[in-house]
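Given next are the chains, with one letter for each unit.
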Amino acid sequence: MEWEKQQKYYEIMEKITDTTCNPDYFSRDEFIASLNEFCDLFRIAKGETAFYLNAHSEQIGQGEIMIDRDNGHGDIEILHRRIAPKTGVIMVGKLYMSKDDEPLTEEEFAKVDLVYRIVMSFIARNRLQKKLYQFAFFDEDNYPNRRAFNRYIAESLMKNEQYNYTAICINLRHFSLINQDLGRFIGDKVLRIYFKLLEDEIGENGIVCRLGGDNFVLFIKNELTDRFLNLFSGVQINYDDNDPEKHISLSARAGVFKVSEKFPLDTPGQIMDKVFPAIQMAKQRGVNVAYYDEEFDSAKDHIQKVRQRFVEGMEKSEFRAFYQPKVDITTGKVVGAEALCRWFRDDRMVMPMEFIPILEMNKDICRLDFHMLKVVCSDIREWLDEGLSVPRISVNLSRKHLSDTDLLDRIIGIIDKYNVPHEYIEIELTETTTDVEFKELSYVVSGLRNAGIHSSVDDFGNGFSSLNLIRSVPWDVLKIDRSLLPTDDEHSIGVTSLYEHVVSIARDMGIQCISEGVETKKQVDLLRKNNCLIAQGFYFAKPMPKEEFVKLLDGTPFINKIN
């Protein structure tokens, strides 16, 4: 009988060894069956193995617990092993016997210990491989990442199937407002449901991966494209299974690139070179979908030229400040001005729309903004030294600055370097809808106020405006966008009413109002009727060089415009 048991042991040992030495042919069912045979042979009632990523995870009990053998009689722990290889992972194994079974002999224990060490080493290696795969191809929130996307494309290239696919980059519209209004927990749940919806729609016909935040990229069979573009226009997401009323509509902007011989694809990275510009174009044009085409290649060359010339222009002082007056419509006096950037190159003025959007693609716009602040401070100091009556001058700052933790110190440092009293400077910042930028915006505006520097929210009403923007942030000035100001041939009661309410709310909150884009006498009358007493626009003056603007600082240059 002992000889038969010995033979059985060697048979099981051979099976386990074959499995652990040939992981490519691993069958979990066969492996567990062999282990159970072994446990039956040596009276093992229960086997428990725990896998931890590190010592801290072990300490707090955060790991994977595997119990593949348990006959309900594991009364006595007979073996406890802990493996801690240099990789940092930790394996803890325990074996149990029934109190009613005969204890293991010294020879049996040695055999059990040997087999269990082999099994634990195999499990540790197997689990580590899975974790490395997880780390490589999934992000921290368990979404497939860009590496998974590139791998899928590489496989399609190897099979020469790339021309059957379309790549789509999407950005969820106003998703930050969901986090802001419903909380990040609900936001994460909505994101997970939306991703699962995309994944289910794709099935085996492509892949969807997250690039970060609420940005995703898809590589799908061509026949799915129209279905997905319709999906991006809006889909209802229910975030509470117990309450069907708790749902939101989620839509996305999309940049689309269809792989074809016209646009050959040789490497996975080329996909991103195509879909990123396309989705940026969708955002800039305010459309839901933009397709990559030949124009993007020429646009890319144009962008590179502008960036190169920008560096040269900064070195040669080609960027100047033009000033557009802000006028008190009760007196006709200039009570302020907005400093606007003008670029003069090769004896011609480069229009702002030709370079500002390009500089905003990276941090070049920040460099230009600080340059303009320096120019304005230099001009104000010059005017003060000449004894002129100088109004407050506003300078625009891009949202790109909000990621700069030293922004306040930089602004104050420049103003103080030119010895300009803080009350002569106003910083204009555009509205924002992202919750992260909103917090930074509030911090910056509060810091400016504490330093005695005015701040204004620019173009209010042009984007996705929220009353929370003016309720939660301590603005000094609200600049109402021209889109809220009715034109002379516009008879919409709704537009006029909306303008009236915005002005009324701002005034009730103690925020000064300025209407920009004023172009007619009728609009001036509307401002006066609603007690918005500061106007800026072509009706009074276009942006002008400082030599012309300085002539307006004394007297009432626009008295004839207001009567």
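Residues numbered from 1 in each chain as written. Predicted model: local features only at pLDDT ≥ 70, side-chain atom pairs only at ≥ 80, totals over all residues. Heavy atoms only, no water.

Q: Just checking my understanding: could you explain the overall build of the protein for this structure?
A: Counting its secondary structure elements, the protein contains 19 helices and 21 strands. Taking 24 Å as the expected radius of gyration for a compact globule of 563 residues, we find that the protein reaches 34 Å, considerably beyond that expectation. Taken along its principal axes, the extent of the C-alpha atoms in the protein is 120 × 55 × 55 Å. Looking at the protein residue by residue over its 563 residues, the buried ones come to 47%. Of the contacts made within the protein by residues no fewer than 6 positions apart, 67% connect residues no fewer than 24 positions apart. (Helix = DSSP H or I, 4+ residues; strand = E, 2+ residues; numbered from the N terminus. Rg over C-alpha atoms; globule rule 2.2 N^0.38 Å. Buried < 20%, exposed > 50% of the residue type's maximum accessible area, 1.4 Å probe, protein only. Contact = heavy atoms within 4.5 Å.)

Q: Looking at this structure, I do not really get the sheet that holds strand β10 (residues 252–258). What am I missing?
A: Paired through backbone hydrogen bonds, the strands of a sheet run either parallel or antiparallel to each other. Spatially, the five strands line up as an open sheet ordered β6-β7-β5-β10-β11, and their pairing is mixed. The sheet is open, and its two edges are formed by β6 (206–212) and β11 (289–291), each paired on a single side. The average undirected angle you get between the axes of adjacent strands in this sheet is 20 degrees. Helix α8 (residues 225–232) contacts β5 (165–172), β7 (215–221), β10 and β11 of the sheet and is inclined by roughly 155 degrees relative to β7. (Pairing = 2+ DSSP bridges. Axes fitted to C-alpha atoms, helices over the stretch in contact; angles between N-to-C directions.)

Q: Just checking my understanding: could you explain the side chain of T225 for this structure?
A: By the element assignment, T225 lies in helix α8. In contact with T225, other than residues within four places in its own chain, are T166 and I220.

Q: What is the right way to read helix α7 (residues 184–202) from this model?
A: Residues spaced three or four apart along an α-helix point in a common direction, a consequence of the helix completing one turn every 3.6 residues. In this model, α7 (19 residues) spans 27 Å end to end at C-alpha, consistent with the 27 Å of a helix rising 1.5 Å per residue. Three or more residues of α7 are buried, namely I186, G187, V190, L191, Y194, F195, L198 and I202. G203 occupies a position one or two residues after α7 and carries a positive phi of about 60 degrees. (Expected span 1.5 Å × (residues − 1).)

Q: Would you take a moment to explain the pattern of salt bridges for this structure?
A: Oppositely charged side chains are able to pair whenever their charged atoms sit close together. Overall, the coordinates contain 29 salt bridges when judged by the stated rule. With its nearest N and O atoms 3.0 Å apart, the salt bridge here joins E428 to K479. Pair noted here: E428 is in strand β16 (residues 425–430) and K479 is in strand β18 (residues 477–480), with a separation of 51 residues, a long-range link. Of the two residues examined, E428 and K479, each falls in the buried class. Close ionic contact of D525 with R528 constitutes a salt bridge, the shortest N to O distance being 3.2 Å. Of this pair, D525 and R528 are both found in helix α17 (residues 521–529), three residues apart, which corresponds to roughly one turn of the helix. Residue classification places D525 among the partly exposed residues on the basis of a relative accessible area of 32%. You can call R528 partly exposed: its relative accessible area is 29%. One salt-bridge network, in which partners are shared between bridges, spans K326, E338, R392, E426, E428, K479 and E516. (Salt bridge = Lys/Arg side-chain N within 4 Å of Asp/Glu carboxyl O.)

Q: Mind showing me how you'd approach unusual backbone geometry here?
A: Across residues other than glycine, the phi torsion is negative in most instances, and most of the peptide bonds are trans. Backbone geometry places D346, a non-glycine residue, at a positive phi of 55 degrees. Here D346 is to be found in the loop between β13 (334–345) and β14 (348–350). In the Ramachandran plot, N419 falls in the positive-phi region, its phi being about 55 degrees despite a non-glycine side chain. The exposed category is assigned to N419, whose relative accessible area is 55%.

Q: Got a minute to help me understand the packing of helix α12 (residues 364–385) against helix α13 (residues 407–417) in this structure?
A: Helix-helix packing is described using two parameters, namely the angle between the two axes and the distance between the axes. One way to put it is that α12 packs onto α13 with a least axis distance of 9 Å and a crossing angle of 30 degrees. Judged on the interaxial angle alone, α13 and α12 are roughly parallel. The crossing of α12 and α13 is right-handed. Between α12 and α13, the residues in contact are F370, L373, K374 and C377 and L407, R410, I411, I414 and I415, respectively. Of the residues contributing to the contact of α12 with α13, the split by class is seven nonpolar, no polar and two charged. (Parallel < 35°, antiparallel > 145°, perpendicular 65-115°, else oblique. Left-handed = near helix turned anticlockwise from the far one by under 90°. Nonpolar A, V, L, I, M, F, W, Y, C, P; charged D, E, K, R; others polar.)

Q: Can you walk me through a negative patch on the surface in this structure?
A: Side chains of D75, D100, D101 and E102 sit close together on the surface and give a patch of like negative charge. Along the polypeptide, D100 turns up in the loop between β4 (90–97) and α4 (106–137). Given a relative accessible area of 67%, D100 falls into the exposed group. (Patch = residues over 30% accessible without salt bridge, like charges linked within 9 Å, V, L, I, M, F, W, Y side chains within 5 Å. Areas by Shrake-Rupley, 256 points an atom, 1.4 Å probe, with all protein chains shown as cover. Lys, Arg positive; Asp, Glu negative; His and termini not counted. Charge placed at Lys NZ, Arg CZ, Asp CG, Glu CD.)

Q: What am I meant to see in the side chain of D113 here?
A: For D113, the location among the structural elements is in helix α4. Those residues in contact with D113 that lie beyond four places of it in its chain are L79 and R81.

Q: Quick question: what am I supposed to make of the sheet that holds strand β2 (residues 64–70) here?
A: If you walk across this open sheet you meet the four strands as β2-β1-β4-β3, and the pairing is antiparallel. Whereas interior strands pair on both sides, the edge strands pair on one side only; in this sheet they are β2 and β3 (76–83). With strand direction ignored, the average angle separating the axes of adjacent strands in the sheet is 15 degrees. Pairing analysis gives five bridges linking strand β1 (residues 46–52) to β2, with the strands arranged antiparallel. Opposite A50, over in β2, you have I65 as the bridge partner.

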